[in-house]
Amino acid sequence: MTKETSATKNARVRRIIVALKRTHPDAKLALNFSSPLELLVALILAAQCRDDLVNEVTVDLFRKYRNVEDWTKLREEDVRRINFYRNKTRSIRGAAIELLEKFGEQVPHTMDELLTLPGVGRKTANAILANAFGQPAIVVDTHTWRLSQRLGLTKKDEPDKIEADLVKIVPRKDWKKFCHLLQFHGRRVCRARKPNCPNCSISKLCPWPEKTK
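The structure contained in this document is the topic of the report that follows. The shown structure was predicted, so the numbers you read here are calculated from the model rather than taken from an experiment. (Residues numbered from 1 in each chain as written. Predicted model: local features only at pLDDT ≥ 70, side-chain atom pairs only at ≥ 80, totals over all residues. Heavy atoms only, no water.)

## Quick notes on the packing of aromatic side chains
Phase 1: Taken as a whole and judged by the stated rule, the model has two aromatic pairs.
Phase 2: Taking the centre distance of 6.2 Å and the plane angle of 80° together, the rings of Phe 62 and Trp 71 count as edge-to-face.
Phase 3: Taking relative accessible area as the criterion, Phe 62 reaches 11% and is therefore assigned buried.
Phase 4: Of the residues examined, Trp 71 reaches a relative accessible area of 1% and is grouped as buried.
Phase 5: Arg 150 extends its terminal NZ or CZ atom over the ring of Trp 208, reaching a point 4.3 Å from the ring centre. (Phe/Tyr/Trp six-rings, centres within 6.5 Å; stacked < 30°, edge-to-face > 60°. Buried < 20%, exposed > 50% of the residue type's maximum accessible area, 1.4 Å probe, protein only. Lys NZ or Arg CZ within 6 Å of the ring centre and 35° of its normal.)

## Structural notes on the packing of helix α8 (residues 142–150) against helix α10 (residues 175–188)
Phase 1: The geometry of α8 relative to α10 is characterised by a closest axis approach of 8 Å and an angle of 85° between their N-to-C directions. By the angle between their axes, α8 is roughly perpendicular relative to α10. The segment α8 lies against α10, with His 143, Thr 144, Arg 146, Leu 147 and Ser 148 engaging Cys 179, Leu 182, Gln 183, His 185, Gly 186 and Arg 187.
Phase 2: Looking at the contact of α8 with α10 residue by residue, the classes come out as three nonpolar, six polar and two charged. (Axes fitted to C-alpha atoms, helices over the stretch in contact; angles between N-to-C directions. Helix = DSSP H or I, 4+ residues; strand = E, 2+ residues; numbered from the N terminus. Parallel < 35°, antiparallel > 145°, perpendicular 65-115°, else oblique. Contact = heavy atoms within 4.5 Å. Nonpolar A, V, L, I, M, F, W, Y, C, P; charged D, E, K, R; others polar.)

## Observations concerning the side chain of His 143
Phase 1: Summarising the element assignment, His 143 is placed in helix α8.
Phase 2: Among the polar contacts made by the side chain of His 143, one reaches the side chain of Arg 146 at a distance of 3.2 Å.
Phase 3: Leaving out residues up to four positions away in the same chain, His 143 has contacts with Ser 148, Leu 182, Gln 183, Gly 186 and Arg 187. (Polar contact = N/O pair within 3.5 Å; in protein donor to acceptor, adjacent residues only side chain to side chain.)

## So, the environment of Met 111
Phase 1: Looking at the secondary structure, you find Met 111 in helix α6 (residues 111–114).
Phase 2: On the basis of relative accessibility, which here comes to 15%, the residue Met 111 falls in the buried class.
Phase 3: Along the sequence, Met 111 and Gly 121 sit ten residues apart, while their C-alpha atoms lie 9.5 Å from each other.
Phase 4: Those residues within four positions of Met 111 in sequence are excluded, and the remaining contacts are Arg 122, Ala 125, Asn 126 and Leu 129.

## Let's talk about the packing of helix α2 (residues 36–46) against helix α5 (residues 85–102)
Phase 1: Axis separation between α2 and α5 bottoms out at 9 Å; the angle between their running directions is 155°. Taken as axis vectors, α2 and α5 run roughly antiparallel relative to one another. Relative to α5, α2 is oriented so that their crossing is right-handed. Contact with α2, carried on its side by Leu 37, Leu 40, Val 41, Ile 44, Leu 45 and Ala 46, involves Lys 88, Ser 91, Ile 92, Ala 95 and Leu 99 of α5 and no other residues of that element.
Phase 2: Looking at the contact of α2 with α5 residue by residue, the classes come out as nine nonpolar, one polar and one charged. (Left-handed = near helix turned anticlockwise from the far one by under 90°.)

Written out as structure tokens, the structure is:
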């Protein structure tokens, strides 16, 4: 693909979004939660872990731990099935203590405040802002990172820089949905090791030179 102008790239992104909405009408956050607090916990547990396993664990976990004070006493054995469970237990306990002592037991709804919580980086903070509070946010997970590069939307490797590139070309109203679409497409079609390019609904909009046949 020849070098794109900003206007051409913006138009291509809009076409990608339309096509992926048709392909993945069920695209949404894969983690189950019913409150910002539950989402915070689920996201900490989900780091480098399968979403389906986190959902299995949180079914019982969310029944047992109901409020912020409960989470300050999270037991390692209750999340032992999750990888890095010791570190994640410490992060959840620490985040709960911060919520209890500094935020009136409420999950904060600004980036700066969220980043003060143990176990919360920019990806997790954006996921909370978008999915718990309905704020426009770009969540750069492994699928967003990989597909954005393959689609020629960024050449960056650092998540923060990828986010900065995407906010310039993705319509603000579609920020949250765009990430969900890339996540579903990355799991179902554009997989890391074996992308299914012949059956990809956006193949013609993709300049990736290593397409499979």
